[in-house]
Each structure stands twice: as structure tokens, then as C-alpha cells.
Amino acid sequence: MTSTLVRPDATLGRPEPTAMPRLLRGLGRDGGTVGLGEHLERWGAMDLRWARQHLGSELEASGLRGHGGAGFPVAAKWRSVARSGRRPIVVVNGAEGEPASAKDALLLARTPHLVLDGAAAAAASIGAGRVLAYVPHHLLEGVQAAAGARRRHRLDPVDIEVREAPEGFISGQESAAVNGLQGRPALPSFIVLRPIRERGVEGRPTLVHNAETLAHVALVARYGAAWFGALGTERAPGTTLLTVTGRPGGPVVQEAALGTPLREVLGLGPDARRRYQAALLGGYGGTWVDIDTLLELELSEEAARRRSATLGPGIVVLLGHDSCPLAEVARVVRYMNGESAGQCGPCVHGLGALDQALQSVAFHAPEHQASVGSITQLCALVEGRGACRHPDGVSRFVTSACAVFASELAAHRRLGPCGRIGAPSALPFGGRPEARHAGRATRPR
Amino acid sequence: MRRAFRIVVDPIACCGEGLCAELFPERISLDPWGFPILSDEPITADLVEHAGRAVDMCPHLALHVMDAPANAGTGGGRPGEPARLVARLAPGGRRR
Ligand SMILES: Cc1cc2nc3c(=O)[nH]c(=O)nc-3n(C[C@H](O)[C@H](O)[C@H](O)COP(=O)(O)O)c2cc1C
Ligand code: SF4
């Protein structure tokens, strides 16, 4: 049965190393799901025997890093999961709780087999006994169908089990996902005592990867590290998906080679300053940057961190001049406070206090506003003090906002709330952004 | 020779009783809401007994002794250096 689908020649379907896009190749602007037959025709088969022996070192050579937000080197994570010698478990993290991100949903809805290929290759390489796909309700059926097709064709070393990820910002946090996958509430655990990579699902060493990370793994497993590194830079090889909100036409997911100037990726021209007042990078646990910084940045986590920013899981929100940035910030902090799991004192009290403080500077009369000093103090106070990094994200978000919007803070303090506070929210909440992509792909000069 | 160690607080277990800051003020202070802030400074030999008492007396068993170096303390899925629980701290301390 397998022979009808799996082609033995892995070079079939291999795209030109510098061809763009990669993950989004062949996906129209809108459209349906790429089924298994079409998928294998497009990309060729994976050689799992090869993966078992060589994928670990190939990934090491590729320099691939995680796309879930932390940017941790993939090969190093695999090594630590495999170290214990006990049979590990692979988790596809498709929860994508971040409201400003739609890239994982796009991959899982349109090209699920690319993500599942990555999970299968990982399972072969580290000898996993189970593969669990953790996806939100609206993707459940599609991913189940994809997993079913793979099972019928005996494609994978172990069958892929599909589980529902609850709604919510933190349900995709690593330990929350592990809890959710075991039928417990999807809330974080204090994992300093027992890292997930040592003791995760069923107490087994568990490899949790973001869905996009696994799609890149699928390409390295097929075409190797040299192919992978033909795009991007030496220090930031490959490509990344970005969810971009705030431009006319609504949110889009696009793919770009790492190292590309962001102005090019975002299609920003000389009128960028006239159109936008600032940008949020990395989502609601990310950082604000002013437009001058944005225009100078190249697309890489390293470049972002040099400017005290982060790309997080690949999120850019451009903020137009019609919005009050303080109102936007206050709404996000209120949302993030509400999304706290409510388990840790410093998170509960600290985010609550930050919420009150940000509401005051955005919406209240000057005499009732919290001082910027007290806000930055609260940010420092919550950092590193939760069981998960949710408060750290809020701290980063607010600290950067205080720096980038210093003149707006001063103006609110002098004159009270500005006339723009009633503008509709520019930042998305709750309702998931549509998984549509721009068909735009950028590569370095 | 005793290994370098540090104390971490499990913020989920911690209910902000504040006993630890009373027993080990050299390295533990309280935030405005009464939850402990643990200093990064190493726990020197002369402080081991105080540290051990704080760990043992926590009514919620929220304090843990770990090998230094620090593992950032939070674990948002960012694998750092593997940190190991140290089974026992001060002589006579409660076994964990
Ligand atoms: C509050 C919080 C929420 C998170 N939500 C997600 C998520 O929805 N999806 C995801 O892939 N990673 C999420 N992460 C990151 C995961 O903990 C983990 O680092 C990631 O899945 C690892 O994948 P990677 O190595 O492929 O990047 C979240 C982290 C935090 C602190
Ligand atoms: S830090 Fe906040 S979000 Fe994270 S586990 Fe604790 S209470 Fe929940």
C-alpha cells in the first residue's frame, strides 16, 4: 500500500535551494488543504531510515532554532531529550494562543503534512514511542483527517494522535500543553524541578516543538542542512513565517528569508513614518519599537535582541497614527492579566497592579494616573517570578511601551487622555486571525 | 566539600505566608504583596543553617534547594542548564 504514495527518490520535488517561499510553496492566497498525495508529489518522500541515523547531526549543522518564541537551538533540545535513554514523546505544539499570530494555524490548515512530517522525522530520530499533535478546536478535524491518511498509508514510525488544545493565551506554554495533553487543566507547572525534556507527558522525556519549527525540520530531513542554509545568513539561516497586522487589507502570514531588511519584508517605503507611529514585534509578550528602529532592523532574533527587542514567534503589528498607543497597551495588559493562570502570587498581584496602572495612564485624568516610575518598578517586580514566563512577557511589553511612547505618556499626564482613546482597537483579541497568506515572499538581496 | 546551592521558590505552591523571609532575611525579602523575592547571591557556609530552616518550615513546601548555577527560576520552555534538586540540606533538615 505504501508504494503508491511514497517515492523512493528523495530528490524528487526538491526545490531550488534559494527559491522562495519554502514552507508556503505552492499554497495559493486562499484555498484548501494539501492532501497527502499532493503533498508527497510536491515535496518527495522522507527517508526515515536516513533520519534515524543522521537527522540529529544534520539539524545541528543546519542551525535551526525553535519558532515558538524562545528561539532555542533545535538540535540541542533533541540531544537533551534523548539523553535519558528512556523512550521519549514528541509533541506538536499547534496551540498558538497568541491572538496576533496565525502562522501555525495556516500551516496546520493548509499544509498539515509538512508539520506532521517534521514530527515523524523527529520521532524516528529520537526513537519516540508516541507523537501527539496539540491543536485548537477549529483545526482538530483537519489535522485528524491528515493523521488518519498517514496511518492508512503507514507513513510514520508511530501513529500520530491528535488532541484538542483549549483556547487561551497560556495553553500553549510548554508545561501547560503537557498538562492539557494528559487530561488535566492546561495550566503551567513549576518545571524548574522537573524540566519537560526530562519528565513530560506520562513522566517521559518530551520534545515539545512549535508547529512551524517541525515544518522546517521536515525540509531539513528531506534536503539537508546545506540546502537549508542557502537562504538566510550564516548566523540566522533559513526562513521564517511572520504574521503581519496593521497594513491595509488585514492580517497576513508571509514567509521571508532571515537576514532580510524588515522594511523590505514589510514593504515599507519612504512614507512609513507618515503611515505608522510604532510597531509591536513578538506579540503580546514582545516589544514595541519606534519606526526608525523598525526601518533599520533586519529580520533575525539576534538583530532584534541587539535593539532590546524580540521577534517572538514571528509577529509584527504596525500601529497607525489614528490609535492611542497607551489605550492599545492598556487593552493588551488587561487581556494578559485576564489570561494569567492565576496560580502564582507575583503574577496575579503584579499583572493586576499593572492593569490598573495602565488603565489609569490611558483613560483617567492626570491626577489619577500612575507614574511611569511606578509602572517600570512593577515590571521589574514581576519578571522571573512566575512558574511560567507569562509575567516576563507582560513586563517586556510594558517596559518597551514606556520607552517608545514616552512622549504620549507625558502628554496624557499633562493634558489627560488624548482624543484617540475611543478609536477601535488596532490589536487583535480573542477571535483568531484568518489563516490567509499574502503570497509574498522575500529573500535577501 | 559541599556543592554550591541555591533556593528556589515554587510560585504555584507558595501562598505568601512570609515565614521564610523571617527565618532567612539574609537572602529572602518580601514583595508588596507578601510573596518572597529570593536573592541571587550565593548561600555561604555560615548561612546554610538559616537557609535550611526556611526550607523546612515553609508550610506549603514551596521552597526547594537546588544545585547552583541558576536555571533562571521560571522555565517558560526555555531549556537552560539542567538543575538538580539537592536531596538534603542542613544537618537534621527534612528529607525532600
Ligand atoms: C505564556 C506562554 C505561552 C506560549 N504559547 C505557545 C504557543 O501557543 N505555541 C507554541 O508553539 N509555543 C508557545 N510557547 C512557547 C513554548 O513554551 C515552547 O517554548 C515552544 O512550544 C517550544 O517550541 P520550539 O522549540 O519549536 O520553539 C509559550 C510560552 C509561554 C511562556
Ligand atoms: S506565572 Fe502567571 S500565567 Fe504563569 S503559571 Fe503562574 S499564574 Fe499562571
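Values in this document were obtained by computation on a predicted structure and should not be read as measured data.

Concerning the site of ligand 1
Residues and elements named next belong to chain A.
- Within the structure, ligand 1 sits among 20 residues, and G68, K77, H209, N210 and T213 are positioned closest to it.
- At a separation of 3.3 Å, an oxygen atom of ligand 1 approaches a polar backbone atom of H67.
- For ligand 1, an oxygen atom lies 2.9 Å from a polar atom in the side chain of N210.
- Considering ligand 1 on its own, with 620 Å² of exposed area, one finds that the protein chains cover 91% of that surface.

A word on the packing of aromatic side chains
Residues and elements named next belong to chain A.
- Inspection of the entire model under this criterion finds eight aromatic pairs over all chains.
- On the basis of an interplanar angle of 55° and a centroid distance of 5.4 Å, the ring pair of Y335 and F429 is categorised as tilted. Of this pair, Y335 sits in helix 13 (residues 325–339) while F429 sits in the loop between helix 17 (406–415) and strand 10 (437–442), placing them 94 residues apart in sequence.
- Judged by relative accessible area, which is 17%, Y335 ranks as buried.

Let's talk about the nonpolar core
- In this structure, L55(A), L59(A), W78(A) and V90(A) are the most contacted members of the largest nonpolar core, which totals 58 residues.
- The contact partners of V90(A), leaving out residues within four places of it in the chain, are A119(A), A122(A), A123(A), I126(A), A128(A), R130(A), V131(A), L132(A) and L207(A).
- Counting 44 residues, the second largest nonpolar core, distinct from the first, contains V333(A), F405(A), L427(A) and V8(B).

Topic: helix 16 (residues 390–404) of chain A
All names here are of chain A.
- Under the 1.5 Å per step criterion, the end-to-end length of helix 16 is 21 Å for 15 residues, consistent within 8% with the ideal 21 Å.
- Summarising burial for helix 16: eleven of the 15 residues are buried, a large majority.
- Inspection of helix 16 places H390, P391, D392, G393, V394, S395, F397, V398, S400, A401 and C402 among the buried residues, and these make up the whole buried set.
- Against strand 7 (276–281), strand 8 (287–290), helix 13, helix 14 (345–363), helix 15 (372–382) and helix 17 lie the buried residues of helix 16.

Comments concerning the confidence of the model for chain B
Residue and element names in this part refer to chain B.
- Per-residue confidence for chain B gives a mean pLDDT of 76; residues scoring 70 or more make up 67%.
- When pLDDT is averaged over each helix and strand of chain B, the minimum, 88, is found for strand 4 (residues 63–67) and the maximum, 97, for strand 2 (residues 28–30).
- For this predicted complex, the interface confidence reaches an ipTM of 0.89, while the overall pTM sits at 0.92.

Quick notes on the rules
- Every chain's residues receive numbers from 1 upward, in the order its sequence appears when written.
- Chain letters and ligand numbers both follow the written order, the letters beginning at A and the numbers at 1.
- Since the coordinates come from a predicted model, pLDDT governs what is reported: local features require at least 70, and pairs of side-chain atoms require 80 or more to be given and counted, while whole-chain, interface and lining totals use all residues.
- Computation of side-chain values: all heavy atoms of the structure, hydrogens and water removed.
- Here a residue counts as near a molecule or strand whenever at least one of its heavy atoms sits within 4 Å of it.
- Any N or O atom pair separated by 3.5 Å or less is treated as a polar contact, with the protein-specific requirement of one donor-capable and one acceptor-capable atom, and with residues adjacent in sequence counted only for side-chain atom pairs.
- Note on areas: Shrake-Rupley with a 1.4 Å probe; residue coverage comes only from the protein chains shown.
- Only rings of Phe, Tyr and Trp enter the pairing, Trp through its six-membered ring, and a pair is recorded when the two centres are within 6.5 Å. The plane angle decides the type: under 30 degrees is stacked, over 60 is edge-to-face, the rest tilted.
- For helices the rule is a DSSP run of H or I covering at least 4 residues; for strands it is a run of E covering at least 2, with both sets numbered from the N terminus onward.
- A 1.4 Å probe rolled over the protein chains alone gives each residue an accessible area, and that area as a share of the maximum for its type sets the label: buried under 20%, exposed over 50%, partly exposed in between.
- Residues belong to one nonpolar core when they are buried, are Ala, Val, Leu, Ile, Met, Phe, Trp, Tyr or Cys, and are joined through side-chain atoms within 4.5 Å.
- In this description, contact between two residues means that some pair of their heavy atoms is separated by no more than 4.5 Å.
- Helix span, as expected, comes to 1.5 Å for every residue beyond the first.
- Scored from 0 to 100, pLDDT reflects the predictor's confidence in each residue.

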